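Results of the structural survey
Residues per chain are reported as follows:
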Number of protein chains: 4
Amino acid sequence: MKKNKPKYMQIIDAAVIAIAENGYHQAQVSKIAKQAGVADGTIYLYFKNKEDILISLFEEKMGNFIEKIDQMIAGKGTAASKLLKMIEAHFSLLYEDHHLAIVTQLELRQSNKDLRHRINNVLKGYLQVIDKIIIEGIETGEFSPDLDVRLARQMIFGTIDEAATSWVMNEEKYNLLKLASPVHHLLINGCGFRGVVE
Amino acid sequence: MKKNKPKYMQIIDAAVIAIAENGYHQAQVSKIAKQAGVADGTIYLYFKNKEDILISLFEEKMGNFIEKIDQMIAGKGTAASKLLKMIEAHFSLLYEDHHLAIVTQLELRQSNKDLRHRINNVLKGYLQVIDKIIIEGIETGEFSPDLDVRLARQMIFGTIDEAATSWVMNEEKYNLLKLASPVHHLLINGCGFRGVVE
Amino acid sequence: MKKNKPKYMQIIDAAVIAIAENGYHQAQVSKIAKQAGVADGTIYLYFKNKEDILISLFEEKMGNFIEKIDQMIAGKGTAASKLLKMIEAHFSLLYEDHHLAIVTQLELRQSNKDLRHRINNVLKGYLQVIDKIIIEGIETGEFSPDLDVRLARQMIFGTIDEAATSWVMNEEKYNLLKLASPVHHLLINGCGFRGVVE
Amino acid sequence: MKKNKPKYMQIIDAAVIAIAENGYHQAQVSKIAKQAGVADGTIYLYFKNKEDILISLFEEKMGNFIEKIDQMIAGKGTAASKLLKMIEAHFSLLYEDHHLAIVTQLELRQSNKDLRHRINNVLKGYLQVIDKIIIEGIETGEFSPDLDVRLARQMIFGTIDEAATSWVMNEEKYNLLKLASPVHHLLINGCGFRGVVE
DNA sequence: AATGAATGAGGTTTCATTCAT
DNA sequence: TATGAATGAAACCTCATTCAT
């Protein structure tokens, strides 16, 4: 299994840095190889082609994240608290890894349609986690019983993603972590006012 | 003024079709020219370069849309009703123009960072419209008084955009227009349940 | 005869300016037309193609010059004095017309081989004038009887041309006219020293 | 160091042939690559761009030549004899390499101003060699003490260059080498007659 | 396993020239 | 005569991938 050899992650980590620092289209295979400290040809002993590096990058980084989240929400607690934890974990992941934030929020988006479909496949795991929380919330009565799960999921993911992207595009000038709670509040309560400020 | 000549819009419309049908990177200038029924060189009588076609495309299509929305929400009505109109207008724009939906939601996102920054500039106008509605809603007491405008805007835009992108990626299998009302309801009320289904 | 119409010389003069100011490869037909105050298409009513403008330019400017020189040396006087007059006329032509100097000494040289052959054809007239002076000098005993006319002509033309080109490349910092006499002296006497400074 | 690899000179030599046979503007990179027996892309492993091939070509061929001349005139001997050697070396270089003669005397002259300036920089070394000889000649009393070094240099270079160019334009019908001696004689003695044939 | 020199396909843009008005 | 919008051919360079060592 190639994935267990040290150079596999070495190349993926190099790709994150190379893409973050040079931009998607300027991160040539030779730059990634140089950053990884291996020869160009060596890349092809571990990855089928360049696209394979990118999809593997996303799988490794996001896959781990999804597993972590999945465990995190497995235990007890309200759906709302689980949602908050998820948002915090998501923001934390990007906040802690500057390079990764740039790569996932900006650079990887300019990949071609094919690659983006495969990235979306990875994301499906994340969306399923969100779905789980929503369904649990509905069942426990925390969330509105007539919630359209798909739409709610799109709101949750779209909002988190948009908040993260804006933060990266604003050169990370403010503390993303501090947005987790207000974002969470917004997703639960929406914009509307009901006479009581919670 | 080049923009008033018929070939200007002819080329832009051709670009939308060519990009939608071939993909961003496979929509060569020669393909756009062919689609427009002009010679390759003619393109450069109306646009500085290929990137200029794309930014102009976005400015024309989105710019017009933003103006329309802006007028639409100028009159009377609640902030909530204005938000609904906006969402309907947004979904309608994409629903009515299959090619445009593909181009704005999928293809144009793989443009390089420079072009994306210029696209974001156009989008700013849209975000300001959203801001206007939010602020109006807060002032009239419809929306929560302690709403963070920036976050609310990110939720609204992020949700609309994610819903639209999902619809396109799902090959537009369902009727996007019908989502306007439930999406609007979600944005106003959030996921949370308060014992009353409105 | 097209040559007698006012626009013929108008275009040629515009070409001199356009080439001098923009360089040979940046002097597009449209620039020449603009400088001449006519439409692009009008150029083709007076010239077969772009090359025809350039060759005509050279013929007009140099042709006139050669005729003038030819008349100048027709009268009495020593061969040496005629040579001096010719050098002075040559330097004067370039000294008086800044644009023409740049065009003939620098820009027109980057024309293709074909055009250069045709330019050389025009130059033949000039070379024949030089030959006339040399032969006359030999016959009168002023010049060495065993002079190889072709070589002497190459020395005279090569020296004048090199002096003129150097002057233009040095941005015409010094007075070219003042070089006529010392250049003439050099051509007559060579580098060698014979104990007497004339 | 790229210059030491065999393909570096292989490509330069191919460029000389391709340019000589096809003309400057018809010597596309692909033709040079084909002539060199390498792929188009290989060219760019050794040269920054097409212009870099041409300037390198000139530097290699002319640079070597200038060094050789410089050593040649370093030893003893009269200034006049050194001048003769230089002319012979110059004519010999072109006479021995048909392709190089065409390239330097005709084709490379149609390069753009920028490239020509860089070529002139290389030529400066040659002009300095000429200056050395002139100054030495003045100091030893061989040459006229009131010689203007710059003008003398222009005469010498202009004459040699014109003779060489004429020879190439006449399709090298006669033996250029045989012109070295009479050209040398002309440069030393000029056109004038002093009653004694030396 | 590792190297890195070599490959070669593919696209944007310019500009001389035409021709309908 | 004069216009100027439209034409369309043609080339430099990049970079993912291979393969002999």
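The shown structure was predicted, so the numbers you read here are calculated from the model rather than taken from an experiment. (Residues numbered from 1 in each chain as written. Chains lettered and ligands numbered in written order. Predicted model: local features only at pLDDT ≥ 70, side-chain atom pairs only at ≥ 80, totals over all residues. Heavy atoms only, no water.)

A few words on the environment of Asp52 of chain A. Residue and element names in this part refer to chain A. With respect to the helices and strands, the residue Asp52 is situated in helix 4 (residues 50-72). Counting along the chain gives 45 residues from Asp52 to Asp97, while the straight-line C-alpha distance between them is 22 Å. There is a polar contact of 2.9 Å between the side chain of Asp52 and the backbone nitrogen of Lys48. (Helix = DSSP H or I, 4+ residues; strand = E, 2+ residues; numbered from the N terminus. Polar contact = N/O pair within 3.5 Å; in protein donor to acceptor, adjacent residues only side chain to side chain.)

Let's shift gears to helix 6 (residues 98-107) of chain D. With eight of 10 residues buried, helix 6 of chain D lies mostly within the body of the structure. Every buried residue of helix 6 of chain D is listed here: Leu100, Ala101, Ile102, Val103, Thr104, Gln105, Leu106 and Glu107 of chain D. Tucked inside the fold, the buried residues of helix 6 of chain D contact helix 7 (113-140) of chain C together with helix 1 (6-22), helix 4 (50-72), helix 5 (79-96) and helix 8 (149-169) of chain D. (Buried < 20%, exposed > 50% of the residue type's maximum accessible area, 1.4 Å probe, protein only. Contact = heavy atoms within 4.5 Å.)

What follows concerns the protein's contact with DNA strand F. With respect to spatial proximity, 28 residues lie near DNA strand F, and among them Thr42 and Tyr46 of chain B together with Lys5, Thr42 and Tyr46 of chain C are the closest. Measuring from a phosphate oxygen of DNA strand F, one finds a backbone N or O atom of Ala39 of chain C at 3.0 Å. Taking Val29 of chain D, its main chain carries an N or O atom lying 3.0 Å from a phosphate oxygen of DNA strand F. Among the secondary structure elements, those contributing two or more residues to the surface near DNA strand F are helix 3 (40-46) of chain B, helix 3 (40-46) of chain C together with helix 3 (40-46) of chain D. Among the residues making up the surface near DNA strand F, the classes are represented as 12 nonpolar, 10 polar and six charged. (Near = heavy atom within 4 Å. Nonpolar A, V, L, I, M, F, W, Y, C, P; charged D, E, K, R; others polar.)

Moving on: the relation of the copies chain B and chain A. Relative to chain A, chain B is turned by 179° and slid 0.2 Å along the rotation axis, the superposed coordinates differing by an RMSD of 0.3 Å. Accordingly, the operation relating the two chain copies is best matched by a two-fold axis. Within chain B, Gln110 of chain B has its C-alpha nearest the rotation axis, a separation of 1.6 Å. A shared binding surface is used by both copies, with 100% of the interface residues of chain B retained as interface residues in chain A. (Least-squares fit on C-alpha atoms with pLDDT ≥ 70 in both.)

To continue, consider the protein's contact with DNA strand E. The environment of DNA strand E is formed by 27 residues, the closest being Thr42 and Tyr46 of chain A, Gln28 of chain B together with Thr42 and Tyr46 of chain D. Near the protein, within 4 Å, the atoms of DNA strand E are sugar or phosphate in 74% of cases. A distance of 3.2 Å separates a base nitrogen of DNA strand E from a polar atom in the backbone of Gly41 of chain A. Note that a phosphate oxygen of DNA strand E is positioned 2.6 Å from one of the side-chain N or O atoms of Tyr46 of chain A. Of all the secondary structure elements, the ones that give two or more residues to the surface near DNA strand E are helix 3 (40-46) of chain A, helix 3 of chain B together with helix 3 of chain D. Broken down by class, the residue content of the surface near DNA strand E amounts to 12 nonpolar, 10 polar and five charged.

All names here are of chain A. We note that Glu171 has phi near 60°; this positive angle belongs to a residue other than glycine. With respect to the helices and strands, the residue Glu171 is situated in the loop between helix 8 (149-169) and helix 9 (180-189). Take Glu171: its relative accessible area is 60%, and that puts it in the exposed class. Although it is not a glycine, Glu172 adopts a positive phi angle of roughly 55°. Among the secondary structure elements, Glu172 is positioned in the loop between helix 8 and helix 9.

Looking now at the pattern of salt bridges. Residues and elements named next belong to chain A. One pass over the full model with this rule turns up 26 salt bridges over all chains. For Lys61, the salt bridge is made with Asp13, and the minimal N-O distance between the two is 3.1 Å. Of this pair, Lys61 sits in helix 4 while Asp13 is found in helix 1 (residues 6-22), placing the two residues 48 residues apart along the sequence. Residue classification places Lys61 among the partly exposed positions, given a relative accessible area of 23%. (Salt bridge = Lys/Arg side-chain N within 4 Å of Asp/Glu carboxyl O.)

Before going further, it helps to spend a moment on the relation of the copies chain C and chain D. The transformation that overlays chain C on chain D combines an axial shift of 0.2 Å with a rotation of 179°, and the residual RMSD is 0.2 Å. Of the interface residues in chain C, 100% have counterparts in chain D that sit at the interface too, so the contact is made through matching surfaces.

What follows covers the nonpolar core. In terms of nonpolar packing, the biggest core is built from 147 residues, with Met86 and Tyr126 of chain A together with Met86 and Tyr126 of chain B touching the most fellow members. When near neighbours in sequence (up to four residues on either side) are disregarded, Tyr126 of chain A contacts Met62, Phe65, Ile66, Met86, His90, Phe157 and Ile160 of chain A. Judged by nonpolar contacts, the second largest core, of 146 residues, contains Ile11, Ala15 and Val103 of chain C together with Ile160 of chain D. (Core = buried A, V, L, I, M, F, W, Y, C linked by side-chain atoms within 4.5 Å.)

How big an interface is tends to be stated in terms of accessible area lost as the parts join. In this complex, chain B contributes 45 residues to the contact, which on the side of chain A involves 45 residues. Around 4000 Å² of area is buried between chain B and chain A when both sides are counted, 62% of it from carbon and sulfur atoms. Applying the counting criterion to the chain B and chain A interface returns zero salt bridges. Linking chain B to chain A there are 15 residue pairs in polar contact (both at pLDDT 80 or more). (Buried area = accessible area lost by both parts, 1.4 Å probe.)

Considering every residue of chain A, the mean pLDDT works out to 93; 97% of them sit at 70 or more. Taken element by element, chain A is modelled with least confidence in helix 7 (residues 113-140) of chain A, mean pLDDT 92, and with most confidence in helix 9 of chain A, mean pLDDT 98. (pLDDT = per-residue confidence, 0-100.)

This next bit is on the interface of chain C and chain D. Across the contact, 45 residues belong to chain C and 46 residues belong to chain D. On inspection of chain C and its partner chain D, the count reaches zero salt bridges. Between chain C and chain D we count 15 residue pairs in polar contact (both at pLDDT 80 or more) in total. When contributions to the side of chain C that touches chain D are tallied by element, the ones reaching two or more residues are helix 7, helix 8 (149-169) and helix 9 (180-189) of chain C. For the side of chain C that touches chain D, the leading source of residues is helix 8 of chain C, giving 13 residues. Residues of the side of chain C that touches chain D, tallied by class, amount to 21 nonpolar, 15 polar and nine charged.

As for chain C relative to chain A, no contact occurs, and the smallest C-alpha gap between them is 32 Å. With respect to C-alpha atoms, chain A approaches chain D no nearer than 14 Å, and the pair has no contact.

Aromatic ring pairs are defined here through the distance separating the ring centres and the angle between the ring planes. On inspection of all chains with the given rule, the structure shows 16 aromatic pairs over all chains. Note on Tyr126 of chain B and Phe157 of chain B: the rings are 5.9 Å apart at their centroids and 75° apart in plane angle, and the pair reads as edge-to-face. Remark: Phe157 of chain B occurs in helix 8 (residues 149-169) and Tyr126 of chain B occurs in helix 7 (residues 113-140); sequence separation between them is 31 residues. Among the aromatic residues, those joined into a cluster by ring pairs are Phe65, Tyr126 and Phe157 of chain A. The cationic tip of Arg150 of chain A hangs over the ring face of Tyr174 of chain B; the distance from NZ or CZ to the ring centre is 4.1 Å. (Phe/Tyr/Trp six-rings, centres within 6.5 Å; stacked < 30°, edge-to-face > 60°. Lys NZ or Arg CZ within 6 Å of the ring centre and 35° of its normal.)

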